[in-house]
Amino acid sequence: MTTTIASDMRNKLFQAEEELKLAASRLQWICYSAQPIVPDETDISLYPVDMDMPELSSAHLNYFESQVGEKQAMLNIERSRFFPELSLGYVRQNILPEKGLDSWMVGVSFHIWFLPQHSKVRQVKFERSIAQTQADANVRELNNRVEELRAGIRRYSESIRFYTSSALAEADNLVKTADLQFRESETDITEYVQSMNAAREIKKGYIEAVYQYNISALEYELYHQ
């Protein structure tokens, strides 16, 4: 059992060190820093978020609408081709021996075969309908994602409240008790390590809950900016 516990601890240490390297690299990259950044490991804070934000992000909604607007503009262009097309041109001749000759050209063109243009209009109208359907689906998906984030924030908040109100204190007491019993030879090394691991798992769960809460809070705010 001691050998198994030791192997498991070595594996957890290796995995944690690799995750720490990856997290440090990501932090340095996202901060556009040329030097490694070492955060304050003693400060664990929650990102403030307003859960009563009523409206979705105008940037996201405007982007969805712009896709529909683009197709609508193309439809208007294709429809305008049914009307006569006017052309106006101006030429100034500057060739020896005659110089300074000005001329204007005016032209009018009429469609005499509308079937190809009707096909183009139907095609663009179909593409606009698809764009509108996709935009509506994107808005619904965004609303669903916001509701998921709200539920996640409430869930992680409750977990954090559980850790801060009782679990963290119990973990500290477990460490103190295990350390005292080990010094007084009231427990062996295996039970001591198991108690320490249990306490560290509680603290790890608290840090993970804070991390997930902050990630959800940041994404929730993103969809309301």
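For every chain, the first residue of the written sequence is number 1, and numbering continues from 1 onward in sequence order. Predicted model: local features are reported for residues with pLDDT of at least 70 only, side-chain atom pairs are reported and counted for 80 or more only, and whole-chain, interface and lining totals are derived from all residues. Just so you know, side-chain values use all the structure's heavy atoms and leave hydrogens and water out.

Asker: I'd love a proper account of the layout of surface pockets, names of residues and values included.
Answerer: The pocket and cavity definitions rest on a 1 Å grid over protein atoms only: a 1.4 Å probe that fits but cannot leave marks a cavity, an open set with protein on both sides within 12 Å along at least five of seven lines marks a pocket, and residues lining either have an atom within 4 Å of a point. Grid points are joined across faces, edges and corners, and a volume is the space filled by probe spheres set on the points. Quantified by volume, the largest pocket comes out at close to 2400 Å³. Taken together, 38 residues make up the lining of the largest pocket; nearest its centre are Glu19, Leu20, Ala23, Ile207 and Glu208. The secondary structure listing takes helices from DSSP runs of H or I that are at least 4 residues long and strands from runs of E that are at least 2 residues long, numbered from the N terminus. Elements supplying a minimum of two residues to the lining of the largest pocket: α1 (2–30) and α4 (189–222).

Asker: Residue-level account of the nonpolar core, with values.
Answerer: The term nonpolar core refers to a set of buried residues drawn from Ala, Val, Leu, Ile, Met, Phe, Trp, Tyr and Cys, joined through side-chain atoms within 4.5 Å. The cut-offs for exposure are 20% and 50% of the maximum accessible area for each residue type, with area from a 1.4 Å probe on protein chains only; residues under the lower value are buried, those over the upper are exposed, and the others partly exposed. Within the largest apolar cluster, 22 residues are counted, with the highest numbers of intra-cluster contacts made by Ile160, Tyr163, Tyr206, Tyr213 and Tyr220. Mapped by element, the contributors of at least two residues to this core are α2 (58–80), α3 (115–183) and α4. Tallying contributions element by element places α3 first for this core, with 11 residues. Counting five residues, the second largest nonpolar core, distinct from the first, contains Ala178, Tyr192, Val193 and Met196.

Asker: Mind laying out a nonpolar patch on the surface, listing which residues take part and the relevant values?
Answerer: For patch detection, residues must exceed 30% relative accessible area and be free of salt bridges, and they are connected within 9 Å for like charges or within 5 Å for nonpolar side chains (Val, Leu, Ile, Met, Phe, Trp, Tyr). Every accessible area reported is derived by Shrake-Rupley at a probe size of 1.4 Å, with residue values counting cover from the shown protein chains alone. Criterion for a salt bridge: a side-chain nitrogen of Lys or Arg within 4 Å of a carboxyl oxygen of Asp or Glu. Residues Leu88, Trp104 and Val106 make up a contiguous nonpolar surface patch of about 420 Å² in total accessible area. One can find tryptophan 104 in strand β2 (residues 98–109). By relative accessible area, which is 61% here, tryptophan 104 ends up exposed.

Asker: Give a detailed account of the packing of aromatic side chains, specifying residues and quantitative values.
Answerer: Two rings belonging to Phe, Tyr or Trp (six-membered ring only in the last case) form a pair when the distance between their centres is within 6.5 Å. Interplanar angles under 30 degrees mark stacking, angles over 60 mark edge-to-face geometry, and anything in between is tilted. Under the criterion given, the structure shown has three aromatic pairs. Ring-pair connections join several aromatic residues into one group, and the members of that group are Phe162, Tyr163 and Tyr206. Above the face of the tyrosine 156 ring, arginine 155 is positioned so that its terminal group lies 5.1 Å from the ring centre. Sitting over a ring, as applied to charges here, requires NZ of Lys or CZ of Arg to be within 6 Å of the ring centre and within 35 degrees of the ring normal.

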